Number of protein chains: 2
Amino acid sequence: MIHYTHPSRILVALDCIIFGFDGEELKLLLIKRNFDPESGKWSLMGGFLNEYEDLEAAAQRILYDLTGLRNNYLEQLQTFGAVKRDPVERTISVVYYALVNIQQQDINAIKAHNAYWINLSEKPDLIFDHNAMVDQALRQLRYKAALHAIGFELMPDKFTIPQLQKVYEAIYNTQLDRRNFSRKIISTELLIDTGDKDTNSVTKKGKLYRLNTEKYQQYLTDYVSFFPELTLS
Amino acid sequence: MIHYTHPSRILVALDCIIFGFDGEELKLLLIKRNFDPESGKWSLMGGFLNEYEDLEAAAQRILYDLTGLRNNYLEQLQTFGAVKRDPVERTISVVYYALVNIQQQDINAIKAHNAYWINLSEKPDLIFDHNAMVDQALRQLRYKAALHAIGFELMPDKFTIPQLQKVYEAIYNTQLDRRNFSRKIISTELLIDTGDKDTNSVTKKGKLYRLNTEKYQQYLTDYVSFFPELTLS
DNA sequence: TCAAAAGTGTTGATATTACACCCATGC
DNA sequence: GCATGGGTGTAATATCAACACTTTTGA
């Protein structure tokens, strides 16, 4: 096999920011490291890219190993490549972020990795440049959620509109008007009334909806524009 | 020095999509390759990451080598990492895209690299996965330009509002209403009237503006939201 | 004086906001 | 009955889109 003459072959890692939502707060799945380097400290879930493995497949593998989940929302965020970002050896890290339905996870897999769901507001200091990765992932999540309806990715299969509202309030760390939010969501026609009611609620039981997945596919590719008079193809 | 035991060190390349605007059409700076592999075909400008070089610095180096430009708008797009994307050897490519003021370029540097400005609408077929890279860069440009005022990055130092409008029409491949566009841009207070007039115009000479760079910095970090009632920090 | 491009003004339609009011549930 | 949270309605306001009209310039 022919090779390039360029000498610098570099270790390629992947790191994964995993967002979840427990009904109240936005959460991160973090690892309390019991292995070197930086054993005892907190970090993101990561791994190395194998020689005969597509980059995207490696990200899916890492997410699957930790959570037992496939077919989640998984998007490449950015590649971090400062020379000294990893003190052990020059390593660039391709960072992905995932949105998971926290109720579908494999609890044993998570325990086996010594991983814990931590409220974003209580995030501990992380190793290397993992803090910057989380910062950027949150920024990207806010971006995406402003243009696409990806809040649903964090919801269970059936959910009420007030529950969905809490996701958005958590993402943007703000308060929304219940009545306006409800009307806006219903007008998207992304929700299908299941006919069931939320039995967990203490007071009035809200309607349980599920996502209209076909309509949702459109919302993932379409987007809202800064120039509303534009019609984008 | 300690090393990781993981065996797979991989060649890391960078590729750069360079957008420019000539007053009428959105253009790409492409290379007619006179070197292997794929000599004779068209490609993006690229290079390899060196062992003691930050990723971001490598992207800037590659852009500088080709255009003589520094301090341009340069943003990491995504990393492409399919196993077979480069037939010579397993190589992942970190892709950046740049917006340049076409009048500030170093023509000799461009000639030396056998590079040409090609209208986006006349883009030839490119090697490897470079077509997909361009597609995604255009998508990202449309995204960014919808939320931030980066259209200015493609303009000369002094420009008229109708010229700026042509940039946006080129990015979104659409027509905009002159009067509404003008009012919207002026309301941002991003423009400073230079007092000069556009001497190139054949008919009525338009006002030449320059960018209010302080205000522009805000527009780069702020963004417009899908939920207008949100006040984002 | 006419065509072409630039600049300014107005208005109806639409979307957004900030409310008020009613309903269901458990104590 | 009453506190709590869910569901629906409406009116004032802000924004957007689609226009008409005026100004400047060169031929």
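Within an unreviewed UniProt entry, the label attached to chain A reads DNA mismatch repair protein MutT, and the organism entered is Spirosoma telluris.

Chemist: Teacher, can you tell me more about the overall build of chain A here?
Modeler: If you tally the helices and strands in chain A, you get six helices and nine strands. For chain A, the C-alpha atoms occupy an extent of roughly 65 × 45 × 30 Å along the three principal directions. Counting all 233 residues of chain A, 54% fall into the buried class. Considering only contacts in chain A between residues 6 or more positions apart, those separated by 24 or more positions represent 65%.

Chemist: When you look at the nonpolar core in this model, what are you seeing that I'm missing?
Modeler: A general trend in soluble globular proteins is that nonpolar side chains are found buried together. The biggest cluster of nonpolar side chains holds 52 residues, and the ones touching the most others in it are I18(A) and I18(B). Discounting residues that sit within four places of it in the chain, I18(A) has contacts with K27(A), L28(A), L29(A), L63(A), L66(A), T67(A), A98(A), V100(A) and W117(A). Among the nonpolar cores identified, the runner-up in size contains 44 residues, and L44(A), L77(A), I118(A) and A170(A) belong to it.

Chemist: For this particular structure, what's the right way to read the environment of K197(A)?
Modeler: Among the secondary structure elements, K197(A) is positioned in strand 8 (residues 191-197). Ignoring any residue separated from it by four or fewer positions in sequence, one finds K197(A) in contact with K205(A), G206(A) and L208(A).

Chemist: It is not clear to me how the interface of chain B and chain A should be interpreted in this structure. Could you clarify?
Modeler: At the junction of the two partners, chain B supplies 60 residues and chain A supplies 60 residues. Roughly 5600 Å² of surface becomes buried between chain B and chain A when both sides are summed, with 63% attributable to carbon and sulfur atoms. Taken together, chain B and chain A are joined by two salt bridges. At the boundary of chain B with chain A, the tally comes to 25 residue pairs in polar contact (both at pLDDT 80 or more).

Chemist: Explanation requested: the packing of helix 3 (residues 130-147) of chain A against helix 4 (residues 161-172) of chain A in the structure shown.
Modeler: Each pair of packed helices can be described by the angle between their axes along with the distance between the axes. Residue and element names in this part refer to chain A. Two numbers describe how helix 3 lies on helix 4: the axes approach to 10 Å, and their chain directions differ by 135°. As judged from the angle between their axes, helix 3 and helix 4 are oblique. Where helix 3 crosses over helix 4, the two elements pack in a sense that is left-handed. Every residue of helix 4 that contacts helix 3 at L138, L141, R142, A145 and A146 is listed here: Y168, I171 and Y172. For the contact of helix 3 with helix 4, the residue count by class is seven nonpolar, no polar and one charged.

Chemist: Sorry if this is basic, but what is going on with the protein's contact with DNA strand C here?
Modeler: As a matter of local geometry, DNA strand C sits amid 18 residues, with R179(A), R178(B), R179(B), T203(B) and K207(B) nearest to it. For DNA strand C, the backbone portion of the atoms within 4 Å of the protein, that is sugar and phosphate, comes to 49%. Between DNA strand C and the protein, one listed contact pairs a base oxygen with a side-chain N or O atom of K204(A) at 3.4 Å. The contact in question runs from a sugar or linking oxygen of DNA strand C to an N or O atom on the side chain of T203(B), over 2.8 Å. Among the elements of the structure, helix 5 (178-187) of chain A together with helix 5 (178-187) of chain B are those that each provide at least two residues to the surface near DNA strand C. For the surface near DNA strand C, a count of residues per class yields three nonpolar, four polar and eleven charged.

Chemist: In this structure, what is going on with the UniProt feature "domain: Nudix hydrolase" (unreviewed entry) in chain A? I would like to understand it.
Modeler: The sites that carry the UniProt feature "domain: Nudix hydrolase" (unreviewed entry) are, in the present numbering, residues 3-142 of chain A. Taken as a whole, residues 3-142 of chain A contains 23% helix and 34% strand, while its terminal C-alpha atoms sit 42 Å from one another.

Chemist: Quick question: what am I supposed to make of the relation of the copies chain B and chain A here?
Modeler: Superposition of the two copies of the chain requires a rotation about an axis together with a shift along that axis. Between chain B and chain A, the superposition needs a rotation of 180° and an axial shift of 0.1 Å, giving an RMSD of 0.1 Å. Considering both components of the superposition, the chain copies are consistent with a two-fold axis.

Chemist: Sorry if this is basic, but what is going on with the side chain of K144(B) here?
Modeler: With respect to the helices and strands, K144(B) occurs in helix 3 (residues 130-147). Its relative accessible area of 15% is what places K144(B) among the buried residues. The residues touching K144(B), leaving out its near neighbours within four places in the chain, are Y143(A), Y73(B), E75(B), Y97(B) and I150(B).

Chemist: How do you make sense of the domain arrangement of chain A when you look at a structure like this?
Modeler: It is common to report an interface's size as the accessible area lost on association of the parts. Residue and element names in this part refer to chain A. Each assigned domain of chain A is listed here: domain 1 (11-147) and domain 2 (158-221). The gap between the C-alpha centroids of domain 1 and domain 2 is 27 Å. Summed over the three residues of domain 1 that lose the most area to domain 2, namely F21, R142 and A145, the buried surface amounts to 51% of that side. Linking domain 1 to domain 2 there are one salt bridge. Across the pair K166 and E24 runs a salt bridge whose closest N-O atoms are separated by 3.1 Å. Looking at which element gives the most residues to the side of domain 1 that touches domain 2, the answer is helix 3, with five residues. Residues belonging to the side of domain 1 that touches domain 2 are distributed by class as follows: six nonpolar, one polar and two charged.

Each value, and the rule that gives it
- Residues numbered from 1 in each chain as written.
- Chains lettered and ligands numbered in written order.
- Predicted model: local features only at pLDDT ≥ 70, side-chain atom pairs only at ≥ 80, totals over all residues.
- Heavy atoms only, no water.
- Helix = DSSP H or I, 4+ residues; strand = E, 2+ residues; numbered from the N terminus.
- Buried < 20%, exposed > 50% of the residue type's maximum accessible area, 1.4 Å probe, protein only.
- Contact = heavy atoms within 4.5 Å.
- Core = buried A, V, L, I, M, F, W, Y, C linked by side-chain atoms within 4.5 Å.
- Buried area = accessible area lost by both parts, 1.4 Å probe.
- Salt bridge = Lys/Arg side-chain N within 4 Å of Asp/Glu carboxyl O.
- Polar contact = N/O pair within 3.5 Å; in protein donor to acceptor, adjacent residues only side chain to side chain.
- Axes fitted to C-alpha atoms, helices over the stretch in contact; angles between N-to-C directions.
- Parallel < 35°, antiparallel > 145°, perpendicular 65-115°, else oblique.
- Left-handed = near helix turned anticlockwise from the far one by under 90°.
- Nonpolar A, V, L, I, M, F, W, Y, C, P; charged D, E, K, R; others polar.
- Near = heavy atom within 4 Å.
- UniProt positions renumbered as here; feature names shortened; annotations may be inferred.
- Least-squares fit on C-alpha atoms with pLDDT ≥ 70 in both.
- Domains from an automatic or database assignment.

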